[in-house]
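Report on the structure
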Amino acid sequence: MTASDYDSVRPPEPAGRRRRGGKGGRGPRPDGARPGGGDGAREAAMVPDAEFTSYYGRPVVKPVPWGPGIAAYLFLGGVAGGSAVLGAGAQLSGQLILRRNCRLAALGAVSIGAVALVEDLGRPERFVNMLRVIKLTSPMSLGSWILTAFSGGAAVAGAAEADRITGQRLPLGPLRRVLRAVEGPAGLEAAAFGPLLAVYTAVLLADTSTPTWNHAHDELPFVFVSSASLASAGLAMVTTPVAEAAPARRLAVLGVVGDLVATQVMHRRMDPVVAETLHDARPGTMLRLSEALAVAGGIGTLLGGRRRGIAAASGLALLAASALTRFGIFEAGIRSAKDPRYTIEPQKRRLAARRAAGVTDDSITTGG
Amino acid sequence: MPQLAGPTDPAADARWPDVKPRKGFFTDTSICIGCKACEVACKEWNHNPRDGDLDLLGSSYDNTGALGASTWRHVAFIEQKRDRIEQAQQTGRALVNLGMPGLGPPVPAARSSAESMAAESMPPSIPTSTPVETTPPDTDEFRWLMSSDVCKHCTHAGCLDVCPTGALFRTEFGTVVVQADVCNGCGTCVAGCPFGVIERRTDGTAAPKTKRGERKGEQPEVPNLGVAQKCTLCYDRLIDDETPACAKTCPTTSIKFGDHTDMVTQAKDRVAELHAQGRTEARLYGANELDGVGGTGSVFLLLDEPEVYGLPPDPRVPTADLPRMFRQAGLAAAGMATAAALAFLGGRR
């Protein structure tokens, strides 16, 4: 308590905001922001300011040491998976230009994505250790196998298209006949792994102690497949003449609808304190922009998708929307791990809720 | 697939043919003096390089900061005033009143400050017939909390579950160890750990230092760069029937080492003893096999809420929810395939 003459003219402290002084082990929030979006960018969240103690404001869980390459891979893996699915559809329905463009897109995206993945490893020269074991409890292990299986099919199908574009100038020799024979099955094989490639990254993020990702574990798979669908369809709309791009337009619209719904559900169901990381600061801006671009791209596709210029512009908007979704969720997770508040508050709340419900035997802290 | 949650013997669950008794620590923070000998012994035995630039963190006597790739023991230091002490006693008493498993009779109320004042004002040289006064000679006005944190060696270890290479493995002693020559530094385990223990080792060159005193003294080359590193519970020493370096060096026996069952028994006896002395703020952390990680191999006796020490109040191994995540992912992937099929079934226009 201070004893200043001016205390009497101070405005009263808002209820529930008062914090007792002299508490050891409680640090200021690292970003200096008040809870509830005190940066002025958003209205304050309507959640009571829970009692929050931490060890000098230091993180409880460690942020994952992943760079932007991993966020880029989340996006590119989605584009690759979706493109392979579109390519297989075009293969079955005999739309050759769409097939070619989607197969090449799948190969290109998965190649760049894989390089980004390997480059982010602490020991890139040991990347092949990913294939030492098949481990069902490790989404990264399963994902490595999915990526490998997908890349095989995508590489064969893509090589066949590249050979056709270059007028059979690839030095294939007698292998050309083999390539022609297996490109169809390879395209279908890649498509079979395409949705898995698009979705496993959601489980990879959710199966961590990073608060934002873990709290979204029910909805993140739906957000990611929707984002992958609209991005790959958007890319096909950019590369393919409108006459052959009708399936891509439909997939784009379905993807936008799925993305908007899944994202809304994710925001609503998430712990209100953790959800701050999706609303505030840079990730919040990215996710809002992503939503706007997805809506714009979807409307453009619906209304002007049969005009080449509008289709291409809508496709670009959808690609950007998907990239922003992935980078936004990626950065929100890192941010949630760096602030102990997002680990401690939801945990205290769920512990208190279980105790209130009469479950008192599963706490890590015991009286004896 | 191994068991994902709930009580189990981790070494047997990992299908070791010759399961040894599970080993673990019991860190009794009520007798820790914050000397950091454990930090030093750990660094020395495990050849762990220096963390950071010998900077003072400016928050307390703890200038180590946190557990990390090169810091496998970390002594937390907290100074508290009276209101926090009273609050800790209340939260501790609430835990006892919850009727947690394995609890004794209700504890007596906290000793009054008048009593303790009387005990302290008594000249120590006068021999008395009553038993030696064992209550700590603190004041009720403030206290120092010191606690040596370490890897929890969880029954269900988040880091181990998500490791894609098999570099992390469960030893025959039920502990969790990284094989540095297998790890490719993917970093998934760092996010998997609910306690923020494991970390990928860097040499600190990612962010060039421009501050004064840039390299304080010659440093040996950093081993195991770019791979995940954490406490091994001195696996090499365990194999030779030796005590881990930190427990061996601890001058107050705050860090105890032994069979996990013995450690839990000792912890429960000790917390009962402290409660009998009226120190209701004492509580155990990690001694309950029904918790979110199936119980920890390293058990702690704390004198305040876990988050005060930087520990999570209700950790849950993320892999416990993995079947549910796989189900959601399967639904989502099927939805994507269906959407694509619908897109093509709609025709070419």
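What you see is a predicted model; the values in this text were computed from it and never measured.

The rules behind the values
Residues numbered from 1 in each chain as written. Chains lettered and ligands numbered in written order. Predicted model: local features only at pLDDT ≥ 70, side-chain atom pairs only at ≥ 80, totals over all residues. Helix = DSSP H or I, 4+ residues; strand = E, 2+ residues; numbered from the N terminus. Contact = placed C-beta atoms within 7 Å. Buried ≥ 20, exposed ≤ 12 C-beta atoms within 10 Å, placed from the backbone. Core = buried A, V, L, I, M, F, W, Y, C linked by C-beta atoms within 7 Å. Domains from an automatic or database assignment. Nonpolar A, V, L, I, M, F, W, Y, C, P; charged D, E, K, R; others polar. Pairing = 2+ DSSP bridges. Axes fitted to C-alpha atoms, helices over the stretch in contact; angles between N-to-C directions. Left-handed = near helix turned anticlockwise from the far one by under 90°. pLDDT = per-residue confidence, 0-100.

1. Considering the overall build of chain A
The helix and strand tally for chain A stands at 11 helices and 1 strand. Secondary structure of chain A in N-to-C order comes out as α-α-α-α-α-α-α-α-α-α-α-β. Restricting to contacts in chain A with at least 6 residues of sequence separation, those with at least 24 account for 79%.

2. So, the environment of A:R103
All names here are of chain A. On the secondary structure map, R103 appears in helix α2 (residues 96-120). When the 32 C-beta atoms within 10 Å are taken as the criterion, R103 is described as buried. Between the alpha carbons of R103 and L86 there is a distance of 8.4 Å; along the sequence they are 17 residues apart. Apart from residues no more than four positions distant in its own chain, R103 is found in contact with G87, A157, G158, E161 and G187.

3. Examining the nonpolar core
Of all hydrophobic cores here, the largest spans 185 residues; its most connected members are A:L86, A:A106, A:V199 and B:C159. Two domains share this core, each providing at least three of its residues, namely domain 1 (10-111 + 132-316) and domain 2 (321-349) of chain B. Excluding residues that lie within four positions of it along the chain, B:C159 makes contacts with B:L168, B:V176, B:C189, B:G192, B:C193 and B:I198.

4. Section: the interface of chain B and chain A
Much of the literature gives interface size as the accessible area that the parts lose upon coming together. If you look at the interface, chain B gives 88 residues, while chain A gives 79 residues. Elements represented by at least two residues in the side of chain B that touches chain A include exactly β2 (73-81), α3 (82-97), α5 (158-162), α6 (188-192), β6 (199-200), α9 (260-276), β9 (283-285) and α10 (322-345) of chain B. When the residues that make up the side of chain B that touches chain A are grouped by side-chain class, the tally is 46 nonpolar, 26 polar and 16 charged. Judged from the 2 bridges that link them, strand β1 (residues 365-366) of chain A and β9(B) form a sheet pairing that is antiparallel. Across the sheet, A:T365 pairs through a bridge with B:Y285, a residue of β9(B).

5. Let's talk about the environment of B:L4
Residues and elements named next belong to chain B. Considering the arrangement of structural elements, one finds L4 in the segment before α1 (10-13). In this structure, the C-alpha to C-alpha distance between L4 and P315, residues 311 residues apart in sequence, is 14 Å. Ignoring anything within four residues of it in the chain, the contact list for L4 reads H156, T319, A320 and L322.

6. Some words on the sheet that holds strand β8 (residues 255-259) of chain B
In space, the 5 strands of this open sheet follow the order β1(A)-β9(B)-β10(B)-β1(B)-β8(B), with mixed pairing throughout. At either end of the open sheet lies a strand with only one pairing partner, and these are β1 of chain A together with β8 of chain B. Of the pairings in the sheet, the one linking strand β1 (residues 23-28) of chain B to β8(B) comprises 5 bridges and is antiparallel in character. For B:F25, the partnering residue across the bridge sits in β8(B) and is B:F257.

7. Some words on the packing of helix α3 (residues 139-165) of chain A against helix α4 (residues 175-206) of chain A
All names here are of chain A. Orientation of α3 relative to α4, taken along the N-to-C sense of each, is 145°, at an axis distance of 6 Å. Two packed elements cross with a definite hand, and for α3 against α4 that hand is left-handed. Grouping the amino acids of the contact of α3 with α4 by side-chain chemistry returns 22 nonpolar, 5 polar and 5 charged.

8. Focus: the confidence of the model for chain B
In low-pLDDT regions, the fine details of the predicted coordinates are not to be read closely. Residues and elements named next belong to chain B. Looking at chain B as a whole, the pLDDT averages 84, with 83% of positions reaching at least 70. Across residues 100-128, confidence stays below pLDDT 50; counting only partners more than four residues off in sequence or on other chains, it has 30 contacts. In the predicted structure, residues 205-210 sits below a pLDDT of 50 and forms 2 contacts with residues beyond four places in sequence or in another chain. What the predictor reports for the complex is a pTM of 0.84 with an ipTM of 0.83.

9. What to know about the environment of A:T208
Tracing the backbone through its elements, the reader meets A:T208 in the loop between α4 and α5 (211-215). Remark: the alpha-carbon pair of A:T208 and A:V64, spanning 144 residues in sequence, is separated by 9.2 Å. When sequence neighbours within four positions are dropped, the list of residues in contact with A:T208 reads A:V64, A:W213, A:N214, B:A191, B:G192 and B:P318.

10. Focus: unusual backbone geometry
Residues and elements named next belong to chain A. Despite not being glycine, Q168 shows a phi value in the positive range, around 60°. Summarising the element assignment, Q168 is placed in the loop between α3 and α4. With 9 C-beta atoms packed within 10 Å, Q168 lands in the exposed category. Phi angles above zero are rare outside glycine, and A281 is one such case at about 55°. Inspection of the secondary structure puts A281 in helix α9 (residues 281-304).

11. Focus: the confidence of the model for chain A
Residue and element names in this part refer to chain A. Taken over all residues, the pLDDT of chain A has a mean of 86, while the share at 70 or more is 86%. Segment residues 16-42 is flagged for pLDDT under 50; beyond a separation of four residues in sequence, or across chains, it makes 48 contacts in the model. In this model, residues 44-50 is a region of pLDDT below 50 whose contacts with residues beyond four sequence positions or in other chains number 15 contacts.

12. Let's talk about the pairing of strand β10 (residues 298-302) of chain B
Residues and elements named next belong to chain B. The element β10 is largely enclosed, with a buried count of 5 among its 5 residues. Every second residue of β10 is oriented toward a common face, with S298, F300 and L302 on one face and V299 and L301 on the other, all of them buried. Taken together, the 4 bridges between β1 and β10 define a ladder with parallel strand orientation. The residue of β10 that forms the bridge with T27 is F300. Across 3 bridges, β9 lies against β10 in antiparallel orientation. Bridging across to β10, L284 finds its partner in L301.

13. Quick notes on the pairing of strand β3 (residues 142-150) of chain B
All names here are of chain B. Counting buried residues in β3 gives 7 out of 9 residues, a clear majority hidden from the surface. As judged from the 9 bridges shared by β2 and β3, these two strands associate in the antiparallel manner. Looking at β3, one finds that A76 is bridged to S147.

14. Re the packing of α4(A) against helix α6 (residues 220-239) of chain A
Residue and element names in this part refer to chain A. Contact geometry for α4 and α6: axes closest at 8 Å, N-to-C directions at 145°. You can see that α4 and α6 cross each other, and the crossing is right-handed. Residues P195, A198, V199, T201, A202, V203, L205 and A206 of α4 form the contact with α6, whose participating residues are L220, P221, F224, V225 and A228. Grouping the constituent residues of the contact of α4 with α6 by class yields 12 nonpolar, 1 polar and no charged.

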